[in-house]
Structure formats: structure tokens, C-alpha cells
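Letter by letter, the chains look like this.
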Amino acid sequence: MPAERRPEIRSAHGLPSAAARPAGAARLAHALAHALEVLRHCERCNNFSEEAVCPRCANPRRDASLLCVVEMPADLAMIEQTQSYNGLYYVLMGRLSPLDGIGPRELKLDKLIGRATDGKVQEVILATNFTNEGEATAHTVATLLTTRGLKVSRLSRGVPVGGELEHTDTGTIAQALVERRAVKKVAASQHIRPLLRLSDAGMPPGKPCYDW
């Protein structure tokens, strides 16, 4: 949601207390009504926006060759907080759920296909959740896009950074084993040598160590 709507979000967060006061309830109702009037879906990323094309999609500094597909705006916000991704997004506003009557037509996957095949996108990153519905959504989208010659990747899964195996669930460990990566040999860098104490261990400085 755009920054201009943040005061209204704060009003919504205070719904129980605001509703108890006539003035607060009226202010909240006005804020929500105004938001419904001005908010729309961005033509490019499908996220909420006050403009036809949101500021993020219109930013020339974003990498237009990368398109990250997420389920909801909250997922987009979490990826942005990592500050490790500078591409563009497409927000599905949901996920496939046949039991709830949500299929490809309800998610408007044809719009996503049109966005991904605009000639600028070179890779689509599937960042749907790792639930049954999220996996089904990722599989369906991947099938639709790969058949059109697009490069499609999926967020990897495994042991979290800083995690300890004894405190990690077995499903995560199993997935980490399946998606394990090969270890490549590299020369020990100066900032790693002191930590490994190569000399104390009987290994001369400069001896190749392993990294990935």
C-alpha cells in the first residue's frame, strides 16, 4: 500500500478503540472510504497503487529483466526488507485453491503471462509460499511460463541462516538434503585464515580451503 495511506493504516490498527468513540469511528470510516476511492491495481505489478503504474514499477533503477512473483503485498514487503533484490514484482493477490474455488482464471494468470512475456523479462522468480497451495501455484505458473521459453527459478529451501539442526524440523532438514549444493575449492582469504587458524592446525597459509 502506498506511503500516503499509512495514516489510514494506523487508523485501522486502532479500530477497537476508535470504534468506541463516535469521532474516531467517523474518522476511520472516512479514511477507509477514501482509500477505496483512490486505490487501484498497478497495471504492471498488480499491487495496490494510487497511480496506473506504481512508483516501484516506474523506477528506472529497478532491474526490468527480473520479475518476482509473490502471493500477497505483504510478501513483496518482506522481500523488499531484505534489500537483496532490485528487480520488479508481480503480485497474484492470492494462490490457487481448488477447494475454495480459486483457479487460474480467478488469479488472472493470463495477465501474469502477458507481463512476463513483454520482451524485457529474462527470468521469473517464483516466491510463492511453501504451502500445498503455494507449491501448486508455483508449479502451474512455471509450466505456463517455461512452455513460452522463459527462464523460471524458485526460491530455495533449507536450514535457516544461524539455525541449528537439533532445533530444525525434519521436513526442513530433508528438503535441505535434497537441495544440497556442491562445495567448491577456493583459496583461503585473509579474513578467513585467522578464524580457521590454518597455521595452528598445521596447514600453511594459502592452502586451499572449501567454501560455497
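Preceding block: the structure.
Residues numbered from 1 in each chain as written. Predicted model: local features only at pLDDT ≥ 70, side-chain atom pairs only at ≥ 80, totals over all residues. Heavy atoms only, no water.

Caption draft 1: Representation of helix H6 (residues 109–116). Among the residues of H6, those classed as buried are Leu-109, Leu-112, Ile-113, Arg-115 and Ala-116. Along the axis of H6, the buried residues cluster in a sector spanning 160°; they form a single face. In the core, the buried residues of H6 are packed alongside strand S3 (63–70), strand S4 (87–91), strand S5 (123–126) and helix H7 (132–146). (Buried < 20%, exposed > 50% of the residue type's maximum accessible area, 1.4 Å probe, protein only. Helix = DSSP H or I, 4+ residues; strand = E, 2+ residues; numbered from the N terminus. Arc of directions from axis to C-beta. Contact = heavy atoms within 4.5 Å.)

Caption draft 2: Region of interest: unusual backbone geometry. Of note, Gln-83 is a non-glycine position whose phi angle comes to about 55°, a positive value. You can see Gln-83 is positioned in the loop between helix H5 (73–82) and S4. We classify Gln-83 as exposed; its relative accessible area is 75%. Phi angles above zero are rare outside glycine, and Met-93 is one such case at about 60°.

Caption draft 3: Broad picture of the pattern of salt bridges. In the structure shown here, the tally under the stated rule is nine salt bridges. One salt bridge in this structure joins Arg-62 and Glu-80, with 2.9 Å as the shortest N-O distance. With Arg-62 in the loop between helix H4 (55–58) and S3 and Glu-80 in helix H5, this residue pair connects regions lying 18 residues apart in the sequence. On the basis of relative accessibility, which here comes to 14%, the residue Arg-62 falls in the buried class. You can call Glu-80 partly exposed: its relative accessible area is 22%. Where Glu-135 meets Arg-154, a salt bridge forms, and the shortest distance between an N and an O atom there is 3.2 Å. Taken together, the positions of Glu-135 in helix H7 and Arg-154 in strand S6 (residues 151–154) put the pair 19 residues apart, joining distant regions of the chain. The class for Glu-135 is partly exposed, based on a relative accessible area of 26%. Linked by salt bridges that have partners in common, Glu-135, Arg-154, Arg-157 and Glu-179 make up one network. (Salt bridge = Lys/Arg side-chain N within 4 Å of Asp/Glu carboxyl O.)

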